[in-house]
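# Chain and residue survey
So the chains spell out like this:
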Amino acid sequence: MAQRVLEQMKSLEATRTAGGNGPRAPAGNGGGSGWSREEAAPAATVRVGLWFLLTAVTMLFIAFTVAYAARRTAPDWAPIALPPILWVNTGLLGASSATLEWARWRGRRGGAAGVRRGLTVTTLFGAAFLVGQVTAWRELAAAGVFMATSPHSAFFHLLTAVHGLHLLGGLGALGYALRRTAATAPAGPVLGGEDPTSAVLGSVAIYWHFLTALWLYVFFIIWS
Amino acid sequence: MPTNDTTSGTRRSAALLGIALALLIVAAVVTTLAARSRWWLPPLASAQGRSIDQLFIATFGIISVAFVLVHGLLALFVWLYRDRGQRASYWHENRALELTYTIIPAIVMTGLTLSAAGLWSRIHSAPPPQALVVEVRGEQFGWKARYPGPDGKFGRIDARHYNARENPWALDPADPAAQDDLVLDISTTGELHLVVDRPVEVRIRSKDVLHSFFVPAFRVKQDAVPGMVTSIWFTPTKTGPYEIACAELCGLLHYIMRGKVVVQTQEEYDAWLAQTRS
Amino acid sequence: MAHVAPAEAHAGHELSFWRKYIFSQDHKVIGIQYAFTSMFMAVLGGLLAMFIRLQLGWPGRSWPILGNLFPGGMPDGQVSQAFYLAAVTMHGTIMIFFVLTTLLTGGFGNFLIPLMIGARDMAFPFLNMLSYWLYPPAIIVLLASFFVSGGAAGGGWTAYPPLSAVPQAAPGSGLGQTLWLISLALLIVAFLFGSLNYITTVLQLRARGLSMLRLPLTIWGLFVTAILSLLAFPVLLAAAIMLLFDRLGGTSFFVPAGLLVGSVPVDHAGGNPLLWQHLFWFLGHPEVYVLILPPMGMISDILANNARKPIFGYRFMVGSIVAIAFLSFLVWGHHMYTSGMHPLLGTAFMTTTLVIAVPSAIKTFNWLATLWRARIRFTSAMLFALGFLSLFVTGGLTGIVLAQPPVDIYFQDTFFVVAHFHFVMASAAIFASFAGTYYWFPKMFGRMMNERLGKWHFWLTFVGIYATFFPMHYAGFMGMMRRIYSPQIYAHLQGLQPLNVFVSIAAFVLFAAQFIFLYNFFRSLFRGPQAERNPWRATTLEWEAPSPPPHLNWGETLPTVQRWAYDYSPPDMAEDFQPQAAPAAVPTGRSREGRGDGGHAR
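Scanning chain B from N- to C-terminus turns up four helices and ten strands. Reading chain B from its N terminus to its C terminus gives the helix and strand order α-α-α-β-β-β-β-β-β-β-β-β-β-α. Here the C-alpha radius of gyration of chain B, 27 Å, is well above what a compact globule of 278 residues would show, namely 19 Å. Oriented by its inertia axes, the alpha-carbon framework of chain B measures out at about 90 × 40 × 35 Å. Counting only contacts in chain B whose residues sit at least 6 apart along the sequence, the fraction spanning at least 24 positions is 71%. Side chains of chain B carry 27 positive and 25 negative charges; the gap between the two charge centres is 9 Å.

A few words on helix α11 (residues 293–307) of chain C. Given a rise of 1.5 Å per residue, 15 residues ought to cover 21 Å, and the 21 Å separating the end C-alpha atoms of α11(C) matches this to within 8%. Among the 15 residues in α11(C), 15 count as buried, and that is most of the element.

Our focus in this paragraph is the environment of D267(C). Residue and element names in this part refer to chain C. Within the secondary structure layout, D267 lies in the loop between β2 (264–265) and α10 (273–290). Assessed through its relative accessible area of 73%, D267 is described here as exposed. On a C-alpha basis, the gap between D267 and H420 in space is 39 Å, while along the polypeptide they are 153 residues apart.

With that out of the way, let us pick up the sheet that holds strand β6 (residues 211–215) of chain B. Residues and elements named next belong to chain B. The strand order β4-β10-β9-β6-β7 describes an open sheet built from five strands, whose pairing is mixed. Only two strands of the sheet have a single partner each, and these edge strands are β4 (192–195) and β7 (220–224). The average angle at which neighbouring strand axes cross in this sheet is 25°, direction not considered. Looking at chain direction, β6 and β7 are connected through five bridges and run antiparallel. Paired with V215 across the bridge in β7 is V220.

Turning to the interface of chain B and chain C, a few remarks are in order. Contacts between chain B and chain C engage 102 residues on the former and 126 residues on the latter. For the chain B and chain C pair, buried surface summed over both sides reaches about 9,800 Å², with 70% attributable to carbon and sulfur atoms. When the buried area of chain B at its contact with chain C is split by residue, Y90(B), W120(B) and Y255(B) rank highest and sum to 9% of it. The tally of links between chain B and chain C comes to one salt bridge. Between D83(B) and R375(C) there is a salt bridge whose closest N-O contact spans 2.8 Å.

Let's shift gears to the state of the cysteines. Residue and element names in this part refer to chain B. Throughout the structure, instances matching the rule amount to zero disulfides over all chains. No disulfide involves C246; its sulfur sits 3.9 Å from that of C250, the nearest cysteine. The class of C250 is buried, set by a relative accessible area of 0%.

Next up on the list: the arrangement of the chains. Taken together, the two pairs of chains in contact show their highest number of contacts between chains B and C. Chain A makes no contact with chain B; the smallest distance between any of their C-alpha atoms is 12 Å.

Time to look at the packing of helix α5 (residues 81–117) of chain C against helix α7 (residues 135–144) of chain C. All names here are of chain C. Between α5 and α7, the least distance of the axes is 13 Å, while the angle of their chain directions is 175°. What the angle tells us is that α5 and α7 run roughly antiparallel. Contacts from M90, T93, I94, F98 and T102 in α5 reach Y135, A138, I139 and L142 in α7.

Scoring rules and cut-offs
Residues numbered from 1 in each chain as written. Chains lettered and ligands numbered in written order. Predicted model: local features only at pLDDT ≥ 70, side-chain atom pairs only at ≥ 80, totals over all residues. Heavy atoms only, no water. Helix = DSSP H or I, 4+ residues; strand = E, 2+ residues; numbered from the N terminus. Rg over C-alpha atoms; globule rule 2.2 N^0.38 Å. Contact = heavy atoms within 4.5 Å. Lys, Arg positive; Asp, Glu negative; His and termini not counted. Charge placed at Lys NZ, Arg CZ, Asp CG, Glu CD. Expected span 1.5 Å × (residues − 1). Buried < 20%, exposed > 50% of the residue type's maximum accessible area, 1.4 Å probe, protein only. Pairing = 2+ DSSP bridges. Axes fitted to C-alpha atoms, helices over the stretch in contact; angles between N-to-C directions. Buried area = accessible area lost by both parts, 1.4 Å probe. Salt bridge = Lys/Arg side-chain N within 4 Å of Asp/Glu carboxyl O. Disulfide = S-S within 2.5 Å. Parallel < 35°, antiparallel > 145°, perpendicular 65-115°, else oblique.

Shown next as structure tokens:
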């Protein structure tokens, strides 16, 4: 009896190709008269998914913003002094976006080495940003300001923590892009159709720049 | 392989379903009539409650018509159009028909919106100047009330002065207005006294978590929100004892948060007030 | 184009048992995993309801046998107050999030979407697998809360602070509430991953010829629901994070100053309990539409198939799904009329709430019009679909009562509300799930369920559901409050007891009847007769694939769509249906009467 269940499930069959992680094209089939948009342009599919992911993250921060705005109007609002290292962190994150764009530019002109260099620097800047954020928390703690100290500090810690977590995911994405670039290493620009490496880079870049923009937004509302 | 019923099976299912739906209509009507005398809203005892009950009955009438109509059509169609070997009609579009049953519900909804909106703003209008003002406070797990006393002012509340026995309302002893406040426990030893045909504004507080001040006979319900003072005003129209129930889950003993209200004539009320103060 | 046969593409790719059946990336396996897990949770959720009904039917009565079986929850054989509130809370939480949402979006969504749009799998199979594998951990965390000190959360599935924020306010507000929040956060992430997949897949992977306006309504329902989920769930996640910080981090997002729990001042300041309610219901209301839109879509397809007639008014049906989804973001305040929010907001929310009734009415009449001059066959799936119509209408109509604030003053937090949502959610959405199961079981498992048992299941459940929930309206009329351990002490509730006893008995019968379904389901899984490719003679794409579909769903070529999904009883054909993917017919010269916009092959 169990054998038959297994047989039935066998015909359902689980995983597809061995390399089924993240964005990928379908396993070479679907030839003939049927096609789907995905086989023609896998990068486009990842883009669509990515924009919806960003929508979800945006809604999360809209909810936090609403809570923040509602709280700010209360009479007992007393802003805390924010540590200046936050400006440094902002610069680091902005620089990381710049180096990421530089990496993409290098990729379009051919030269995987340039891409890898750019990605590595971006990752370092991103990691430095996170270290800087933690440092900011520690500086506040040293001044006796913790999460529960005041509503302003509560929101500061909340927003920086959630943004930081998403950035950690971004570092993972950068690592993935680095691995992909090391693996395929095209000698020069690929003619016709989108080079899969640049497709990956494009998606990672959208996510990373979104996080930079999100930080600018968080920083702005926390500061004002 | 048989995925369709036999002819008799189809007929049986269609008949069963048609009859069941028809019986459903009958059962709904019969139980509603039976409910009128035993499972219904408690007798009305407030002025605004009359308009609320009227709106409720009107709405109930409308939805009953819709209920009977839809179930009637459903019962009819499952019987009439059971599989008898006929060819189904391919007809699947009729803008005029669709617009009809878009516009009619829209009109009905608009009508309800307008009546309800008018009533709602009357319910939340400012209380009349001659209204009696009382405060009620929900806590885990009972209701307390306080009257402003002869000075007509409520004393300041400060949680630091709380004492369960001596100062349950946490009145600030430094505030002169607090000296003559009359505080009662209306779940156990006392009742909230109101005057018949005299509007009353009930200001509602909470000591700990969310509660809700619900007096079914008055058609009154308003959440008690910690950190806020909410309020509701109404005019009791019948003397007698009434119950307060808590209508917002507030913890383990939420179900025993019963309070007592008594509506009296002005004379009875004055007598009670004089006696209680002494 | 490369003509690589699927089998060759997989030569040498033999996957381990773990990657084939456990950590599978095949949408069909994932869908079935979701469905089985949801069924398990449904039994648990139903069991919790039995405790609730036991207490409400016979308050104060002792049940020694049960006391021995559940000593924690029923010391001395009586349901304890804490366990009652935990049961109420967890029953709601489990049924809404861990059964209906997972079953409809995770189960049906995963299984059906690629098949009905002619794709080989979801856009992101790895993410899909991750999405499912957040679900069991969320369950473990949730169920663990029953066994921690203080027991499971007891603040209702709505978890309003301060009750849920201040641990000393109730026994379940200790570790139990924290675990509840963590569990929900995990599940929300699972839902978000799923939604991402469903949306992207529908947008990007449709077969050739399958324009959006040729999609079956099942897909429209699932697609729009996924967008709803994506936009709404993050807000609850934000609120849950803030509540966790209030509980564990000493912040005061939701807890104001000056609270005294017991005699002890609570060390919080400046938060607002109403903020939680706004954030919660901003998700909470779209959530209930997440639970009704896929059912509406599925019912449309099942009705059309069993009536051998096109769905009536396809465009208005699509439009009303979209309208309902859009409006669902604008009505959340109707849960808060008595909350203390500004009365003008109440007026605004009433307006939007009554407006949202209109597209629901359109759908109801379109379903009825679909039955007019049809050729109805009464399969189990069809019986449940017809039952859905009745239950949805009953539940939807009582919503009109609750939509109006002056009337809602009386009914808010009474059993009238409980009746309302049990009709639209528990009954209607569950009936659609049953209909969908009976209908798609052959495709999922390659076997047929037993029709006779299906009919018994339907009749016992239909009667049982009305018997259980209809009387609750009257309990609400009397003013019986929700989440009440015992209504006995209230004068205005005397005379209620016979009603409660009737409801409890009906509930026991209803719960028992579901075991007919479970027996049928599992027996058919192993011993049901083999299913054909298209046993229901249906038009939609999933029936083009074998029953069950193989790995990658289709053979060498993907289907191409020539027409909409509802060519049942087309006028100039002998057959009473024409599948979406059937080649374009040679014109016979006869005119096609009664064709609306959706009929012509493009």
